[in-house]
Amino acid sequence: GKTLLHSNENLIGRQMMDDFIKAVSEKGEPVYSYITLGTGEKVFVLNYPVHIKGTERIGRIALHTYPSERIVRQAMLQIISIVVIIIILWIIGYFFIRAVNKTEHIKAMLAEKERLAAIGEMASVLAHEIRNPLGSIKGFAQYLKDRTWHRRQMSLT
């Protein structure tokens, strides 16, 4: 339980015995966990059995997690940003496709109206062309009728 090497020189030589060290010495297997230091920092601790020249020692490696937590936070922000951008692009795409479909529908309606207008114009021209000869025929028929009526009247008198 004696600290032989530490990044803080004041802690070298300090006696330390906790449940994790006991678990490693009893089982002979590595034990890891997260602990909170007296400074309030969260640290990942790995307790590992080390065999040196017939003696069993326990190596403890403590790693500060804030650099990796910062990277994870940045990655999460990037993922959220990407998801938001994808959702926005999907929404824009939906409205773009909807606008294109509406434009196509309006073009089809306009083409139908133009076709109906052309048919109406053709019908009016056709009616005019039919009406002119009919008018001539009607006028000639009235002339013949009047002429025969006058002849009859003349023959009766």
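Residues numbered from 1 in each chain as written. Predicted model: local features only at pLDDT ≥ 70, side-chain atom pairs only at ≥ 80, totals over all residues. Heavy atoms only, no water.

(A) Highlighting the overall build of the protein. Of regular secondary structure, the protein possesses two helices and three strands. Counting from the amino terminus, helix and strand elements in the protein follow one another as α-β-β-β-α. C-alpha extents for the protein along the principal axes are approximately 160 × 30 × 20 Å. Partitioning the contacts of the protein with sequence separation of at least 6, the portion at a separation of at least 24 is 20%. Total accessible area on the protein stands at roughly 13900 Å², and carbon and sulfur atoms take up 65% of it. Placing the 21 positive and 14 negative side-chain charges of the protein at their respective mean positions leaves the two points 13 Å apart. (Helix = DSSP H or I, 4+ residues; strand = E, 2+ residues; numbered from the N terminus. Contact = heavy atoms within 4.5 Å. Areas by Shrake-Rupley, 256 points an atom, 1.4 Å probe, with all protein chains shown as cover. Lys, Arg positive; Asp, Glu negative; His and termini not counted. Charge placed at Lys NZ, Arg CZ, Asp CG, Glu CD.)

(B) Seen up close, the side chain of threonine 65. Here threonine 65 lies in the loop between strand 3 (55–64) and helix 2 (66–156). The exposure class assigned to threonine 65 is buried, which follows from its relative accessible area of 6%. (Buried < 20%, exposed > 50% of the residue type's maximum accessible area, 1.4 Å probe, protein only.)

(C) Seen up close, the packing of aromatic side chains. Summed over all chains, the structure comprises four aromatic pairs. Measuring from centroid to centroid gives 5.2 Å for tyrosine 94 and phenylalanine 95, while their planes differ by 70°, and the two rings are edge-to-face. Under the relative-accessibility criterion, phenylalanine 95 is labelled partly exposed at 45%. Put simply, the rings of Tyr32, Tyr34 and Phe44 pair up and form one aromatic cluster. The ring of tyrosine 34 carries lysine 42 above its face, with NZ or CZ at 4.9 Å from the centroid. (Phe/Tyr/Trp six-rings, centres within 6.5 Å; stacked < 30°, edge-to-face > 60°. Lys NZ or Arg CZ within 6 Å of the ring centre and 35° of its normal.)

(D) Quick look at the pairing of strand 2 (residues 42–52). In the sheet, strand 1 (residues 31–36) pairs with strand 2 via six bridges, with the strands oriented antiparallel. The partner of tyrosine 32 across the bridge, within strand 2, is leucine 46. Between strand 1 and strand 2, which follow one another and run antiparallel, lie five residues, and glycine 40 among them has a positive phi close to 90°. (Pairing = 2+ DSSP bridges.)

(E) Structural view of the pairing of strand 3. Of the strand pairs in this sheet, strand 2 and strand 3 are connected by 10 bridges, and their pairing is antiparallel. Note on strand 3: the bridge partner recorded for isoleucine 52 is threonine 55. Counted along the chain from strand 2 to the antiparallel partner strand 3, the turn is two residues long, and its residue lysine 53 has a positive phi close to 45°.

(F) Representation of helix 1 (residues 19–27) in the model. Ile21, Ala23 and Val24 are the residues of helix 1 that are buried. All buried residues of helix 1 fall inside an arc of 160° around its axis, so they share one side. Exposed residues lying more than 90 degrees from the buried face of helix 1 are Asp19 and Glu26. For helix 1, the secondary structure elements touched by its buried residues are strand 1, strand 2 and strand 3. Glycine 28, located one to two residues past helix 1, shows a positive phi value of around 75°. (Arc of directions from axis to C-beta.)

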